Amino acid sequence: MIEVVAELSRGPVFLAGEALECVVTVTNPLPPTATSASSEALAWASAQIHCQFHASESRVALPPPDSSQPDVQPESQTVLLPHRGERGQCILSTPPKILFCDLRLDPGESKSYSYSEVLPVEGPPSFRGQSVKYVYKLTIGCQRVNSPITLLRVPLRVLVLTGLQDVRFPQDEAVAPSSPFLEEDEGGKKDSWLTELAGERLMAATSCRSLHLYNISDGRGKVGTFGIFKSVYRLGEDVVGTLNLGEGTVACLQFSVSLQTEERVQPEYQRRRGAGGAPSVSHITHARHQESCLHTTRTSFSLPIPLSSTPGFCTAIVSLKWRLHFEFVTSREPGLVLLPPVEQPEPATWTGPEQVPVDTFSWDLPIKAWGCL
């Protein structure tokens, strides 16, 4: 028996273009007092990163797979296929790297090997939606002598920051004199440079504040004014907005605002509804605020963006966008007042109306949510 442990030095969350570093430890768990006949021989071990794509058959109409290029020996147990046994198709993979060959471990002995690979920038982000799923994994394959391949899969979360796909690491960046007696880590230098660039670009995009005002009206007049200070946010931030109802000519009885993501299948991959297909657009609510606001002049709300959510992105098959979805309940009666009179000549019992004719309408405001590390 062989025990294989994979340890990610920086955790499972990465930015596309960053270098993943993993330490793979192979151990013979038998006690050292066991006989030499208990030694384990391993033929080889390798590692690679791949992205698995899966689509809902009721929502997405994918073209038939290309049968002219079948997998190499798909049924063979001696060929390393990182996506063997998984649903969907592998749309992205890095070249496999050999960790070791012809390894023999005595009882209680263990050896560690380092694996490093740059996550491709051209891939989609990690996403589990209603229509499609993009799942990244680090797969480590290991084979004992005269035995089938055993796979160890480590799930990863990959974030894609808009604009970094076209960035190239500068080759002639050394300005300060370098010491020939110090070993420079070019991989760590590049990884640090990319992280700093992503942080600067993210901060520049999300720190700009400017008040944006939107007049909200229905078919009978103005309901109020909505104000928001920015439209680009980071995961984990709060979306803060204000609603001014004092200037409206139509009484608003209640409103609700939801922080939602809209997952939309591209037109060329949409399955027709007449053929039993599900809707090509789905919405997920991440946070919601509801308030009764009759006789309210001004109010505000705060909706947190979950850290576990996926930033907006677009691929050839699906797009994901963020939005604020408002729903308003307004009165049909102009100048509606549901408060008792301030001054009454004699004691009396006041009761509000049992029924109020109302109208409802909705409004969507697009926003952007970017990933952060």
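- Going by the annotation in an unreviewed UniProt entry, the name recorded for the chain is RGP1 homolog, RAB6A GEF complex partner 1, with Bos mutus grunniens given as the source organism.

**Observations concerning the sheet that holds strand E11 (residues 212-218)**
Inference 1: Strand order in the open sheet formed by four strands is E11-E12-E14-E17, and the pairing between neighbours is antiparallel. The open sheet terminates on both sides in strands that have one partner only, identified here as E11 and strand E17 (298-304). Neighbour-to-neighbour, the strand axes of this sheet turn through a mean angle of 25°, independent of strand direction.
Inference 2: Direction of pairing for E11 relative to strand E12 (residues 221-228): antiparallel, over a ladder of seven bridges. By the bridge assignment for E12, Ile-216 is matched with Gly-224.

**Comments concerning the pairing of strand E15 (residues 252-265)**
Inference 1: For E15, the buried fraction is high: twelve of the 14 residues fall into the buried class.
Inference 2: Relative to strand E19 (residues 318-331), E15 runs antiparallel, the two being bridged by 13 bridges. Opposite Val-257, over in E19, you have Phe-326 as the bridge partner.

**Description of the nonpolar core**
Note that soluble globular proteins tend to have their nonpolar side chains buried in a common cluster.
Inference 1: Leu-20, Leu-99, Phe-100, Val-132, Tyr-134 and Leu-138 are the most contacted members of the largest nonpolar core, which has 41 residues in total.
Inference 2: At seven residues, strand E4 (residues 40-55) tops the list of elements feeding residues into this core.
Inference 3: Lining this core are residues from two domains, each supplying at least three of them: domain 1 (3-60 + 79-159) and domain 2 (212-337 + 356-370).
Inference 4: Those residues within four positions of Val-132 in sequence are excluded, and the remaining contacts are Phe-53, His-54, Ala-55, Val-60, Phe-127, Glu-263, Ile-317 and Val-318.
Inference 5: In terms of nonpolar packing, the next biggest core, distinct from the first, is built from 27 residues, Ile-216, Tyr-233, Val-250 and Ile-367 among them.

**Some thoughts on the packing of aromatic side chains**
Inference 1: Scanning the entire structure with this criterion turns up 14 aromatic pairs.
Inference 2: Look at Phe-226 and Phe-301: their rings are 5.9 Å apart centre to centre, the planes differ by 5°, and that puts the pair in the stacked class. Of this pair, Phe-226 sits in strand E12 while Phe-301 sits in strand E17, and the two are 75 residues apart along the sequence.
Inference 3: Taking the relative accessible area as the measure of exposure, Phe-226 reaches 0% and is therefore buried.
Inference 4: A connected cluster of aromatic rings, assembled from ring pairs, spans Tyr-214, Phe-226, Phe-255, Phe-301, Phe-326, Phe-328, Phe-361 and Trp-363.

Conventions adopted
Residues numbered from 1 in each chain as written. Predicted model: local features only at pLDDT ≥ 70, side-chain atom pairs only at ≥ 80, totals over all residues. Heavy atoms only, no water. Pairing = 2+ DSSP bridges. Helix = DSSP H or I, 4+ residues; strand = E, 2+ residues; numbered from the N terminus. Axes fitted to C-alpha atoms, helices over the stretch in contact; angles between N-to-C directions. Buried < 20%, exposed > 50% of the residue type's maximum accessible area, 1.4 Å probe, protein only. Core = buried A, V, L, I, M, F, W, Y, C linked by side-chain atoms within 4.5 Å. Domains from an automatic or database assignment. Contact = heavy atoms within 4.5 Å. Phe/Tyr/Trp six-rings, centres within 6.5 Å; stacked < 30°, edge-to-face > 60°.

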